[in-house]
Amino acid sequence: MITTYEPLHHKYRPTSFDELVGQDPIKSTLKQALISDRISPAYIFSGPRGTGKTSSARIFAKSLNCLKSEKSTTVPCGQCELCKGISSGNALDVIEIDAASNTGVENIRELIERSRFAPAKARWKVYVIDECHMLSTAAFNALLKTLEEPPRQVVFILATTDPQRVLPTILSRCMRFDFRRIALHDLESHLISIAKKEEIQINEEAISLIAKHSQGGLRDAESLLDQVSLLPPPITQLNIINLIGAIPEEELIKLAKSLIIKDPNSILNVCNSLINKGKEPIAILQGIASILRDLVVTKVTTNPTNLCNISPENSESLNDLATSSNLDQILNLQAKLKGSESNIRNSNQPKLWLEIHLLGMLSDEDSKENNRIKQSLLKSKLSDNSESENVNNTSESIVPNPEKEPIQKTAFRDETKTSPDLSLDDIWKKVIAMLDLPSTKMLLSQQAKLINLTSDSAEIAISEKWINMIQSRKNLIEDAFYKARGSSTKVLLIQQKDNLSSHKEVKNNLQKIEQRNQIKIDREPNKNTFKEEKKESKNNLEINSIDQKAKKFADFFNGEIVNLE
Ligand SMILES: [Zn+2]
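Below: a short report on this structure.

What counts, and where the lines are drawn
By convention here, each chain's residues receive numbers from 1 onward along its written sequence. Totals for whole chains, interfaces and linings use all residues, but because this is a predicted model, local features are given only for residues with pLDDT of at least 70 and pairs of side-chain atoms are given and counted only at 80 or more. As a convention, hydrogens and water are excluded, and side-chain values are obtained from all of the structure's heavy atoms. Metal sites are built from N, O and S donor atoms within 2.8 Å, or 3.2 Å for Na, K and Ca, and they leave out water, so they may look incomplete. The geometry test gives tetrahedral to four donors whose angles all lie between 85 and 135 degrees, gives square planar to four donors and octahedral to six donors whose opposite members are over 155 degrees apart with all other angles between 65 and 115, and gives irregular to the rest. Starting at the N terminus, helices and strands are each numbered in turn, a helix being any DSSP run of H or I of at least four residues and a strand any DSSP run of E of at least two. The classification of residues rests on relative accessible area computed with a 1.4 Å probe and restricted to protein chains. Under 20% of the type maximum is buried, over 50% is exposed, and intermediate values are partly exposed. The definitions used throughout rest on a 1 Å grid laid over the protein atoms alone, on which a cavity is an enclosed set of points accommodating a 1.4 Å probe that cannot get out and a pocket is an open set flanked by protein within 12 Å on both sides along at least five of seven lines; lining residues are those having an atom within 4 Å of a point. Grid points are joined across faces, edges and corners, and a volume is the space filled by probe spheres set on the points. For this classification, Asp, Glu, Lys and Arg are treated as charged, while Ala, Val, Leu, Ile, Met, Phe, Trp, Tyr, Cys and Pro are nonpolar and the rest, including Gly, are polar. An automatic or database domain assignment supplies the start and end points of every domain. We call two residues contacting when some pair of their heavy atoms lies within 4.5 Å. DSSP-based pairing: two strands are paired if at least 2 bridges between them are found. Fitted lines through C-alpha atoms give the axes, limited to the stretch in contact for helices. The angle between two N-to-C directions lies from 0 to 180 degrees. Note that patches include only residues with greater than 30% relative accessible area and no salt bridge, and the join distances are 9 Å for like charges and 5 Å for nonpolar side chains (Val, Leu, Ile, Met, Phe, Trp, Tyr). Throughout, the Shrake-Rupley method with a 1.4 Å probe supplies accessible areas, and for residues the shown protein chains are the sole cover considered. Salt bridge, as used here, is a side-chain nitrogen of Lys or Arg placed within 4 Å of a carboxyl oxygen of Asp or Glu. Here, expected helix span is obtained from the residue count minus one, scaled by 1.5 Å. Working rule for angles: under 35 degrees goes down as roughly parallel, over 145 as roughly antiparallel, 65 to 115 as roughly perpendicular, anything else as oblique. The crossing is said to be left-handed when, going from far helix to near helix, the turn is anticlockwise and less than a right angle, and right-handed when the turn is clockwise.

1. Brief notes about the coordination of the zinc ion
Then comes step 1: Bound to the zinc ion are the protein donor atoms C66 (SG), C77 (SG), C80 (SG) and C83 (SG), situated 2.3 Å from the metal.
Then comes step 2: Coordination at the zinc ion is tetrahedral, judged from the four donor atoms that bind it and the angles of 101 to 121° they form at the metal.
Then comes step 3: The motif formed by the donor residues of the zinc ion, counted along the single chain, is C-x10-C-x2-C-x2-C. Remark: C80 occurs in the loop between α3 (53-65) and α4 (81-88) and C66 occurs in the loop between α3 and α4; sequence separation between them is 14 residues. The exposure classification of C66 matches that of C80, with both residues buried.

And the structure:
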């Protein structure tokens, strides 16, 4: 007799709440609802894929309807006609809809039509709408109408991986359960129990790697175990690494070390050998990011073992690398990784870009954000462990690094980087260039001037007519200073009597553009501008009439509407 193979995630699909892995608060709440017979007409189960949403919906449907019990039960038998029907998806009164493939309003209308009739066989009619965020707005509205006056003995269970996209009016009518990613420990013990039952010879490190790789998704973990079970036993961590294309930790540590000691040859060699073994450039990059993160954790916490991603057998070499490098270097490398992922992902030559990014990380230029992160990390470590060794730690280094500077000096150099060769005007231009909105750029370049600059503050003179307008954008200016200088700068706005440039000129421009856009300023504001003004006043901006004109001018600058906020 030929038996068909049943995938593990089917075979071990939970049949009762007790079998559901993780999600303890949800289990107990739903059980309590069943025991006390307080069934809500609508539930929403949200959470990442493979965390038990659909399984819970089915268990709940069985619990409501199991024929072995007179009323709702927390332990459905799994054997009666209804339990079996629900498991196989053939029960007449338990309707599962995949909204990802049925987004039309027609299906939902049909569904609503049917929900008015009493259940045919079961005590409760249950509608499970999977990926409910994919429903069209019209479909949502149709569903909303039903939920406003729910038919008796009907339960809607809406499952979604993206609750943000579900209409708030729907959400507010549902009892909401957020399914969490399943804890590593729970995943591991579940996989171990399956391996035992299925007689899969697999070691614990390999199980642990499967659990980590599936990031809290039970179904993914079970599928991967299913896949590796086809390999000749015993299954080791290396099998898993090869199967999922992960980068061996030893190689990543080697790569991180090469970055720290600035050895381009070694970087290229390791990269080449990994890529020749079929590893993806993006996986190499993510691996390095993870190792650098672990290095920072090792540096700044007193008990890093629980917080690091690295496996216990490699934690010693990670520790060695951590002691032989300093926090400055690691943070600097980490900061230089920013943006590299999308670059590599979007390129036709990912290997080339990986090498460019890794070699670029060898440059000595200090990253802008480095100092800020460093200070806050040091602070947290100091409060974590008040021994004085911490600060010294950052300068103690076995690796020779002639460019190394004490923290304060680095910060100082960074802050003054813009100033020695540049005039105030030049710096001001640089800051303005960092602004995103053309309207703000135009206003500041014509109506404001940098008159004084220290390491942490900037004085800006502004013609008096524009002070309110520019005041409302102070945080944008401070952001621009931060981008231009790499450190925070407090902005002081100083009102100046004389106009910095001709106010008339601006007004003329304003009129020209108004004519172009056929807007008459002195007339009652139309609906749209009224709406905009309302939005503004909500933000507590004091807008005088000149500001309004400027705003309109700015809005229609270059003939395009610019979002001011
Ligand atoms: Zn049953």
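2. Notes on the layout of surface pockets
Then comes step 1: Its volume calculated, the largest pocket comes out at about 810 Å³.
Then comes step 2: In terms of lining residues, the largest pocket is bounded by 28 residues, among which L209, H213, A246, I247 and G287 are the most central.
Then comes step 3: Every element with two or more residues in the lining of the largest pocket is listed here: α9 (204-213), α11 (237-244), α12 (249-260) and α14 (281-300).
Then comes step 4: With seven residues, α14 is the single largest residue contributor to the lining of the largest pocket.
Then comes step 5: Taken together, the residues of the lining of the largest pocket break down into twelve nonpolar, ten polar and six charged.
Then comes step 6: Counting only domains with at least three residues in the lining of the largest pocket, you end up with domain 2 (184-244) and domain 3 (252-395).

3. A word on the environment of L158
Then comes step 1: Following the sequence through the fold, L158 ends up in strand β4 (residues 154-160).
Then comes step 2: Given the relative accessible area of 1%, L158 is considered buried.
Then comes step 3: Those residues in contact with L158 that lie beyond four places of it in its chain are Y43, I44, F45, I129, C132, L143, I170 and C174.

4. Topic: the environment of Y127
Then comes step 1: Looking at where Y127 falls in the secondary structure, it is placed in strand β3 (residues 125-130).
Then comes step 2: Along the backbone, Y127 and A42 are 85 residues apart, and their C-alpha atoms lie at a distance of 9.3 Å.
Then comes step 3: If we ignore the near neighbours within four places in the chain, the residues touching Y127 are I95, L111, R114, S115, V154, V155, F156 and I157.

5. Regarding the sheet that holds strand β7 (residues 457-463)
Then comes step 1: Pairing in this open sheet of three strands is mixed, and the strands run β6-β7-β8 from one edge to the other. With partners counted over all chains shown, the strands left at the sheet margins are β6 (448-453) and β8 (490-496), one partner each. Sheet twist, expressed as the mean angle between neighbouring strand axes with direction ignored, is 30°.
Then comes step 2: Pairing of β6 with β7 involves five bridges; the strand directions are antiparallel. Paired with L453 across the strands is A458, a residue of β7.
Then comes step 3: Helix α22 (residues 424-433) rests against β6 and β7 of the sheet, and its axis sits at about 120° to β6.
Then comes step 4: Contacts from helix α23 (residues 438-447) reach β6 and β7 within the one sheet, and its direction differs from that of β6 by about 70°.

6. Here we look at a nonpolar patch on the surface
Then comes step 1: Together, L352, W353 and I356 line one region of the surface with nonpolar side chains, adding up to about 240 Å² of accessible area.
Then comes step 2: Position of W353 among the secondary structure elements: in helix α18 (residues 350-360).
Then comes step 3: Note on W353: relative accessible area 30%, which makes it partly exposed.

7. Considerations on unusual backbone geometry
Then comes step 1: Residue P234 is bonded to the preceding P233 through a cis peptide linkage, with omega at -10°.
Then comes step 2: A positive phi angle, near 50°, is found at E131, a position not held by glycine.
Then comes step 3: As for its placement among the helices and strands, E131 is situated in the loop between β3 and α6 (137-148).
Then comes step 4: Phi at Q153 takes a positive value of approximately 60°, unusual for a residue other than glycine.
Then comes step 5: Note that Q153 resides in the loop between α6 and β4.

8. Things to note about the pattern of salt bridges
Then comes step 1: Applying the stated criterion across every chain yields a total of 13 salt bridges.
Then comes step 2: One salt bridge connects R58 with E96, and the closest N-O pair in it is separated by 2.6 Å. Residue R58 is located in helix α3, and its partner E96 is located in strand β2 (residues 94-98); the two are separated by 38 residues in the primary sequence.
Then comes step 3: Look at E96 and you get partly exposed, because its relative accessible area is 35%.
Then comes step 4: Ionic pairing is found between E148 and R173, a salt bridge with its closest N-O pair at 3.6 Å. Here the residue E148 occupies a position in helix α6, and R173 occupies one in the loop between α7 (168-171) and β5 (175-178), the gap between them amounting to 25 residues.
Then comes step 5: Residue E148 is classed as partly exposed on the basis of its relative accessible area of 45%.
Then comes step 6: Its relative accessible area of 34% is what places R173 among the partly exposed residues.

9. As for α12
Residues lying three or four places apart along an α-helix face the same way, a consequence of the helix completing one turn every 3.6 residues.
Then comes step 1: Between the first and last C-alpha of α12 there are 16 Å, a value that for twelve residues agrees with the 16 Å anticipated at 1.5 Å per step.
Then comes step 2: Burial within α12 is extensive, with nine of its twelve residues counted as buried.
Then comes step 3: Where α12 is buried, its residues touch α13 (264-276), α14, α15 (315-323), α16 (327-336) and α18.
Then comes step 4: K262 occupies a position one or two residues after α12 and carries a positive phi of about 55°.

10. As for the packing of α3 against α4
Then comes step 1: Two elements in contact, α3 and α4, have axes separated by 9 Å at closest approach and are oriented at 160°. One finds that α3 runs roughly antiparallel with respect to α4. Taken as a pair, α3 and α4 cross one another with a handedness that is right-handed. Counted together, R58, A61, K62 and N65 of α3 and L82, C83, I86 and S87 of α4 form the full contact between these two elements.
Then comes step 2: Of the residues belonging to the contact of α3 with α4, the class tally is four nonpolar, two polar and two charged.

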